[in-house]
Structure formats: structure tokens, C-alpha cells
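Each chain, written out:
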Amino acid sequence: MPEDREPQEAPETVDGAEMEEAARRLGPRNPVLRFLSQNRGVTALLAVVILGALFTPQRGVNGPYLVNVITGHAEPLRDSDGAWNPPRFLTTKIHSDVLYEYAEYGLLAVGMTLVILTAGIDLSVGSVLGIAAVTFAYLLIARGTPPAVAIAGAAGMGTLCGLINGFLVSKLHLQPFVATLAMMVAARGGAKVISGGYKIQAGGADWYWVQGDLPEFMTWMVSPSYGGFLRPVTLLFIVSLLVMVVVVKYTRFGRYLYAVGGNEEAARLSGVPVTGTKILAYSLCGFFAGLAGFCNACRTGLGNPEAGTTFELDAIAAVVIGGTSLAGGRGAMILTLLGALIVGYIDKALSVNNVDVAYRLLAKGLIIVIAVVIQSRRRTN
Amino acid sequence: MSQAPLLQMRQIDKWFGGVHAVSHVDFDVRAGEIHALIGENGAGKSTLVRILSGAIQADAGEIVFDGRKLHMRGPKDAEAAGIAMIHQELSLCPNMSVAENIFLGSEPLGPMRTVSWRRLRADAESYLRHLDTPIDVTRAVEEYGIATQQMVEVAKVLSRNAKLIVMDEPTSALTDTEAQRLFEIIRALKAEGVAIVYISHKMEEIYELADRVTVMRDSHWIGTAEASDLAPGQLIEWMVGRKIETLFPKRSVELGEELLRVEDAVLRANDGTDRLLVDHASLSLRAGEILGLGGLRGAGNSELLGLLFGQFSHADVEVCLRGERVRIGRPSDALAQRIALLTNDRKTTGLVLSMSVLHNMTLASLKRMGPTPLVVPREEVRAALPLRQRLSVKTASLDIEVSALSGGNQQKVALAKWLMTEPDVLLLDEPTRGIDVGAKAEIYELMNELASQGKGILLITSELPELVEMSDRILVFHRGRITKELRGEEMTQQNVMAAAMSGASSHA
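Residues numbered from 1 in each chain as written. Chains lettered and ligands numbered in written order. Predicted model: local features only at pLDDT ≥ 70, side-chain atom pairs only at ≥ 80, totals over all residues. Heavy atoms only, no water.

Trainee: Just to check I follow, could you spell out the sheet that holds strand E2 (residues 19-29) of chain B for this structure?
Mentor: In a beta sheet, neighbouring strands are held together by backbone hydrogen bonds and run either parallel or antiparallel to one another. Residues and elements named next belong to chain B. Ordered by their spatial adjacency, four strands build an open sheet running E2-E1-E4-E5, and the pairing between neighbours is antiparallel. The open sheet terminates on both sides in strands that have one partner only, identified here as E2 and strand E5 (68-70). Within the sheet, the average angular offset between the axes of one strand and its neighbour, ignoring direction, is 25 degrees. Examined bridge by bridge, strand E4 (residues 60-65) and E5 share three bridges and lie antiparallel to one another. Looking across to E5, one finds that valine 64 is bridged to lysine 69. Along the sheet, helix H1 (residues 45-52) contacts strand E1 (7-16), E2 and E4; its crossing angle with E1, the most-contacted strand, is approximately 115 degrees. (Pairing = 2+ DSSP bridges. Helix = DSSP H or I, 4+ residues; strand = E, 2+ residues; numbered from the N terminus. Axes fitted to C-alpha atoms, helices over the stretch in contact; angles between N-to-C directions. Contact = heavy atoms within 4.5 Å.)

This is the structure:
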């Protein structure tokens, strides 16, 4: 063993060549592969769509496409008339459906992301959706107000609930779990008070303004427009999400969300308005729950005081699957879209194959675990 | 020495993503030796000992311990081999009792495979008596001071038959007397044949304790030598790769107008006792002045800085700033008045560790970047790049999480955040805590540069040479009051310490 060796020269700092070496170690050199390896959410989504394409049936054929190809039962991709007959996953209708079916969860998840970034949680969004749906239906169907007023009523009711949550959390220092649990119970009660415990639907009571068919506006919100692909409800979800992507990434408020969630005290000592940031986050979460309630009323054609029960869990699941940390301070709005789509597509792929809903729930639980394991691995590496 | 070393680490290599954290390092430790491992922050020594303690795995290289090659998959393997680590931040469960902590995970079991509380307590007591720390082992760890907690940690690793203990800056939170007691314990352990790897930034400690010294720099092994053969100048040269002529740069600044005047500032404790943490403190700070605030921990100097920054929600203060009276109740008030506070703990109050370097740097300046609520990334980078260069922050990119940086570089990021707000008054609370010699020298230079630009600096530091050398004037706090002002020739370490302790004799 060499005794007390002579000192050797170390490089002054990490130099350029070593940096490049370092960059190379970060991933594959091919830009496409590198993008995929660094954006696992996108990769996962792509994988789901491709698997969906292979495992969904063609029109007029039963069973997964891949199985039919192997067993020789697959129809040609162009049928005798020369029209396309791809697996259903490659049709626009199915994507339009997924986005539509996930619009309500998606809106909830958008608001939930804001709150979770501040290291909070909002358990009340499902109930707030319910109270907003009832408010909307009450105003439009029972009182005959113009749709704009009814929408404002739903959104306003949601925002109010969120504002109270924000106040409880930031001013009274209740734990977010407790504060929003209380709101979850209370808002459900409020929904039943407003509706009198009944579903508010056209002709449901003598004194209702609307006695005939559903108001046209509600039907319009959920009918395919824009080239038959998008429904107004879907569009509302996508626009809300894109706006919030920008807000979170490119505004002071967005930055403050991360700071408050990452280290509240350090944020406060850097002049970040911690209380204001939290109140705004919870208020926006309530606002989006209000919008989701309005969408729910339009989709079901009535104001159901029980609407949205357990939806908060789906919203949290979408956020978590996207990779936003429940500990706060880490994540992104765009990840929530990925999370919602991954759940939506897998659910759809299973349902078009007539997989029973019980198994679909089992699958969803599995997806949550897998997604979080992948995310936490990436963080430790 | 013919005897084979207790520990041999050979050609250890470790990458973190793009950073080569440890590069082909050889390191050996003999039984019964105190081996100081030193280097600037980010030099790779923490990574090396984390590999040794099994917390992370090396990418290449081998570890031979006690004649056996170790294959470590986790901390359990290191513990089983007899390697223990005592972290800077202690890893005890504060709410559990001392005895439970000592035997956590290896509780002595009774005949029914249940925990034998009697043996647990008796064994814990005997280990602590051995360490000359006879305390009530049934009380919760959090009820004891940091020095005692450290002894509990030592007892814990001894109970696992540790043959080699790694201590990472164990004295950083201790008073001098507590540190001296720790040194006695360390020497006693050495006499029993336990090897100690001692990481420290404090020169005096290294020479007081260590048998041998190993220096790392920029992830490389630089040299190993007997402490008695290694001159301090040589040691510093190894650490920084250049000769530091004077650690404390001399300067001569014309003091300007009075910048800040504080009159009878008072801070009451928020615990219902109405105790005065700051007891009618008055001071005057001129432009270009570095005013040192001395005092023991809890004497009120750190609390005064917090008060001046609006840190306490239950208290505000009126000061005279640039000739105008202003009231400061919240950090945003202080920011608007161009006052900046570098807190004494970058991890809990200074930085948002989960955010990137860039976002930490700009956090306090977002409002100044434009009238709209929008944040323009290009503007942020434009504001951050000059500061990154000026403070020579070593980071592969502005976009990586600040938690990935070394302590010294994290501190520079925290400083950069405040410099970006272009403050007139800087409140610096322990600006060089836990950072290496090179980074310290850079921060001293920076303080002088700021002073020469006409800024006023209130400086707190627990390192007396730093306080004495950097300050133009020193105010010493004792139990909330400013009890002594030292100028010119009077500014000696002895005088500061004497003033800080005076009247404390009955409580010492």
C-alpha cells in the first residue's frame, strides 16, 4: 500500500469536454429517442395509443385487431367500397369520445393541480361540482335565466366554495385535508338544499320555467360541432387547460405556486404573498369545479345533487399519474393533461373490448401504482 | 506501516446524471486513526462517504474493509460491516425516547420476541455513561440540546459495533465547550481502536484532532499526508488549487451618509412569556459600512435582523432609512425599501430546494421584472447570467434543481437572489456557514465590493476571526441588549467573546 502519496493535479473546474461527456451520459443521442426518454409521460401516452390501436376491434369485427390479424380474422384496412376500416382506436370518434368523457374529470384535475402544487389537496371538488350543477340547472331550468347567467351562477358558486377553502387553509391554518373535507360534506348538503333533494330537470316541478324539452343550450353544449369532432364541453376543457398551462408556466402566480409548495417559509421571506397565492389557488380550483358542474348538468340534462360523488379521487389520480408530487412544489399543468389522457385512453381501450367495469377499476388502481413508481424512480436517478 | 489499513477504497467512481461527482478516488483509513477528509463544498467528499455508508452505490471501484471486499447494496450492509455515519443533520426520531432511538431497528428482545424495555433502558444507559453523558434515557430526544443528541447518535452507532465512524461536520451546531467535549469523546473512541473519518471546514479542528488529512478537490483525490507534516498554507493550496495570500482582503472605504438608523427596537417572544428577545436595541449604519453584530446564539442579534426584515408576523418595527421614517412589518415591506436578509439556514429559510437555480435566483425579483403578471424566461436568464458569473456559481445549467448543488454554491444562489433585488441594506446572517474556504474568500470579496458601492451591511457570524476582520465596527449583544461597541484596536476576538459572555457567568 503506498504511503502518503504525492499530490496529483486536479482539473481546475469541470471543463467543456467533460460537460459534453456528461451530456452524452444523460441519454440517447438520437433526438427523438432522447425526447422520449426525458418525457416519459408522452412516451406512456404514445404507448397507450399504439397498444389501443392494436387491441381495439375493427368495425363489424369482434376481438382485438392484433389477435384477429394473427388468427386471420381481420378485415382488410380498406373495405370493398374503398373506405377505411381501421381498428377503432385510429378513428377520430374514439378520441373525441375520450376527451368528452374526461372533460369533467379534466376540469377538476386542472384546478386540483394548482392546489397540489402548493402542497395542498382539495377533497371538495366532487361536491362543489354537484352544487354547481344544481345551481346551473336551477337558474336555467327552474328560473328561466339566460344561459350566461346560469353559467356565471355555477362558476360563481364554485369560486365561492374555493374561496372559503382558501380562507380556511391560509388564514385559519386548517390542514388542507381537513378544511376541504369539511367543504366536501357541506357543499353536498348545500346542493341538496338548493335542489330540495330532487333532480332538477325540465318539467320536474309545476313552477319550473322549462316544462317542455331540455333547453336547447344544454343540448348544444354536448352535441358534436366543429366538424363533428369537438363538443363545446370538450373545447371548454381544452381551452381551460391550455390557459392554465400558460398561467402556471409564465406568470408570477404560477411561479409562486411552486415556491409556496416547495418551501413556504423561504417563499414568504422572498416577498411571495403566500396567503394570496393559496387563496387564489383554491378559488381557481373551485372555479373549475364550478365549470365542471355546469358541464355535468349539460351532459346529463339535469341538475343532480349527487353529481360528482368520488370525482375528486379521479381528479387526484390524474394529477398523480401525470407526475405532480403530492408533497408540493414539483410538477406541471401539462403533466395533468397527460395523466388524464392516460387514464382515459386505457379505460376506453378496455371498454371497447367489453371489459367489465369491475376489471377496469382494478386496472386503474394498477395504473396509479405503476405511474407513481416510474415517476419516483426518475426522481431518485 | 506494514499493517494493512482498516478501510481501503480503490478507484471509486460516481456520476450523478451529468456530473462526475467522484473521479477515480483512492482513500484508506487505519484502525484507531482520526482521518480528516476535507475539501471545498462540491469537491466530492460527501459523495465519497455516502458511498462508504452504503447510501448510494459507486459506479466503479472497490471497497475493502477489515480484510473483506464489501458489496454494498444499502446502508444495512455498511452497518453490518461496522461502518457508521453521523450526519450533519442528525437522523434521530425527535419524538421517541433516547433509549428507543439508540436501539431503533435492533431492539433487545425478551423471551416472547417482544421488546424488552428493561434491557433497552439498561443498555442505553450504559452506552451513554460510557460517553460520559448520564441522561434520562426515557425522555424524548427533542427535549435535549443538539450536543446531547449528538452523543445519543454516537451511542447509537457504538451499539451497532461500529469500527469506523464517519462524522460530517459534527461541530457545526455546537458551542466551543460542547465541541471540546466531543473531541474528548472522539479521542477516547480512537484509543479504543475505532477509526474516525472526520469531515470539517474548520482548520483549527483539523489540526487539533486529525492524525492524517486527505484533501479532495473537484471530485479528485489531491493528496494525503500526516497532519503534523502538512503546513496550513499547503493544505489550503491543495483545497483551492491556488495560494490564498490573505483570507480576509483588506479594504479602505470612505464611509458615507447614515443609511439606516434603528432606535429602541423591541421584539417580544411569541410564546406568551413577554420575554424581550430584542431589548431596546439602537444602531446606526452608514453607507459603505460593514457593521458586525456579535453575541452568543439567542443573544438577539439574529432576531434583530429578522425584525428589521419583517420576518415576524407578530411584530413590526419603525426605522429611519435614508433619512425617512418607514415601518416594516412584512418581508415585502423590507423588499420595497431595498432591504435584503440572507437567512442563517439556506435549506429551511433561504432556498426553495425543489425549484431550479434560475427560479430561486429570480424569486424575490419577479415583481420588478415588469408591470404585467407575466414572467418572461428570457428576461429571467438575462438577469441571472451576470450574477452567476459574478458569484462564480458552479452549476451545469441554470435549470437544474438547486438541491443538486453543493452547499457553497447553494449559498451563492441565495446571495444572488438578494443581489438581484439591488438592495441598499444587506442583512447577512451567517453568510459563510458550512461552506468551504474558497467560497468563503469569494463571499468576503463580494461583501467588500458591495460596501465600496455604498451599500450598508449588518453582519452576523459565529466565526470570530471573520467577524473581527470583516467588520468596521462591532456591536455585541447580550441577552437582547447591545452591551458593547468595539472599534478599531478594540476589535479583537477576546474582547468580542468577553463582551458576549459578560453577565452570563451565572447562566453559563
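From this point, things continue past the structure.
Trainee: When you look at helix H15 (residues 274-300) of chain A in this model, what are you seeing that I'm missing?
Mentor: Turn by turn, an α-helix covers 3.6 residues, leaving residues three or four places apart pointing in a common direction. All names here are of chain A. Taking 1.5 Å per residue, 27 residues should reach 39 Å; H15 reaches 39 Å between its end C-alpha atoms and fits that length. By the criterion of burial, H15 is predominantly enclosed, with 21 of the 27 residues buried. Glycine 301 sits one or two positions beyond H15 and adopts a positive phi of about 75 degrees. (Expected span 1.5 Å × (residues − 1). Buried < 20%, exposed > 50% of the residue type's maximum accessible area, 1.4 Å probe, protein only.)

Trainee: Can you help me understand the packing of aromatic side chains in this one?
Mentor: The way to describe two aromatic rings as a pair is by their centre distance and the angle between their planes. Per the counting criterion, the structure on display carries ten aromatic pairs over all chains. With 6.2 Å between their ring centres and 35 degrees between their planes, phenylalanine 217 of chain A and tryptophan 220 of chain A make a pair best called tilted. Here tryptophan 220 of chain A and phenylalanine 217 of chain A lie together in helix H10 (residues 216-222), a separation of three residues that amounts to about one turn. Taking the centre distance of 6.2 Å and the plane angle of 55 degrees together, the rings of phenylalanine 103 of chain B and tyrosine 127 of chain B count as tilted. Of this pair, phenylalanine 103 of chain B sits in the loop between helix H3 (98-102) and helix H4 (117-130) while tyrosine 127 of chain B sits in helix H4, and the two are 24 residues apart along the sequence. With relative accessibility at 25%, the residue tyrosine 127 of chain B sits in the partly exposed group. (Phe/Tyr/Trp six-rings, centres within 6.5 Å; stacked < 30°, edge-to-face > 60°.)

Trainee: Whenever I open this one, the packing of helix H14 (residues 407-420) of chain B against helix H15 (residues 437-452) of chain B confuses me. Can you help?
Mentor: Relative placement of two packed helices is described by the angle separating their axes and the distance separating the axes. Residue and element names in this part refer to chain B. Contact geometry of H14 with H15 gives a least axis separation of 11 Å together with a crossing angle of 15 degrees. Taken together, the axis directions place H14 and H15 in an arrangement best described as roughly parallel. Remark: the crossing between H14 and H15 carries left-handed chirality. Contact residues: H14 offers Gln411, Lys412, Leu415 and Leu419, while H15 offers Ala439, Glu442, Ile443, Leu446 and Leu450. Split into classes, the residues belonging to the contact of H14 with H15 amount to six nonpolar, one polar and two charged. (Parallel < 35°, antiparallel > 145°, perpendicular 65-115°, else oblique. Left-handed = near helix turned anticlockwise from the far one by under 90°. Nonpolar A, V, L, I, M, F, W, Y, C, P; charged D, E, K, R; others polar.)

Trainee: Help me out: how do you make sense of unusual backbone geometry in this one?
Mentor: In terms of backbone geometry, most residues other than glycine have negative phi values and most peptide bonds are trans. Despite not being glycine, threonine 310 of chain A shows a phi value in the positive range, around 70 degrees. Residue position: threonine 310 of chain A is located in the loop between H15 and helix H16 (311-322). Judged by its relative accessible area of 43%, threonine 310 of chain A falls in the partly exposed class. Positive phi is not limited to glycine here, since aspartate 264 of chain B has a value of about 50 degrees. Along the chain, the position of aspartate 264 of chain B falls in strand E11 (residues 258-268). With relative accessibility at 48%, the residue aspartate 264 of chain B sits in the partly exposed group.

Trainee: Hey, could you run me through the side chain of threonine 362 of chain B in this one?
Mentor: Summarising the element assignment, threonine 362 of chain B is placed in helix H12 (residues 357-362). One polar contact links threonine 362 of chain B to glutamate 380 of chain B, side chain to side chain, over a distance of 2.7 Å. Beyond its immediate sequence surroundings of up to four residues, threonine 362 of chain B is in contact with Arg255 of chain A together with Met369, Glu380 and Met420 of chain B. (Polar contact = N/O pair within 3.5 Å; in protein donor to acceptor, adjacent residues only side chain to side chain.)

Trainee: Honestly, the domain arrangement of chain A in this entry has me stumped. Any pointers?
Mentor: Frequently, the measure chosen for interface size is the accessible area removed from exposure when the parts meet. Residues and elements named next belong to chain A. With domains assigned, chain A is organised as domain 1 (39-78) and domain 2 (93-380). Each partner contributes residues to the interface: domain 1 has 13 residues there, and domain 2 has ten residues. Counting the surface lost from both domain 1 and domain 2, the interface buries some 950 Å², and carbon and sulfur atoms represent 78% of this. Seen at the junction of domain 1 and domain 2, the total is zero residue pairs in polar contact (both at pLDDT 80 or more). Counted by class, the side of domain 1 that touches domain 2 contains eight nonpolar, four polar and one charged residues. (Domains from an automatic or database assignment. Buried area = accessible area lost by both parts, 1.4 Å probe.)

Trainee: Even after reading the chapter, I still don't get helix H6 (residues 103-117) of chain A, so can you show me in this structure?
Mentor: Residues and elements named next belong to chain A. Over its 15 residues, H6 extends 21 Å from the first C-alpha to the last, a length consistent with the 21 Å expected when each residue adds 1.5 Å. Burial of H6 is extensive: 15 of the 15 residues sit out of reach of the surface. One or two residues past the end of H6 sits alanine 119, with phi positive at roughly 70 degrees.

Trainee: How do you make sense of the nonpolar core when you look at a structure like this?
Mentor: In summary, soluble globular proteins display a tendency toward joint burial of nonpolar side chains. Ranked by size, the top nonpolar core spans 107 residues in total, and within it Leu108, Leu114, Phe136, Met244 and Phe294 of chain A carry the most contacts. Apart from residues no more than four positions distant in its own chain, leucine 114 of chain A is found in contact with Met244, Val248, Leu257, Ala281, Leu284 and Met333 of chain A. (Core = buried A, V, L, I, M, F, W, Y, C linked by side-chain atoms within 4.5 Å.)

Trainee: Looking at this structure, how should I read the sheet that holds strand E6 (residues 83-86) of chain B?
Mentor: Residues and elements named next belong to chain B. Here six strands make up an open sheet; going across it, the order is E6-E7-E8-E3-E9-E10 and the pairing mixed. What marks the edges here is a single partner per strand, and that holds for E6 and strand E10 (220-226). Across the sheet, the mean angle separating the axes of adjacent strands is 20 degrees when strand polarity is ignored. The sheet contact formed by strand E3 (residues 34-38) and strand E9 (residues 212-217) spans four bridges and is parallel. From the neighbouring strand, isoleucine 38 faces E9, where its bridge partner is valine 215. Strands in contact with helix H5 (residues 146-159) are E6 and strand E7 (164-168); relative to E6, the strand with the most contacts, it is inclined by about 170 degrees.

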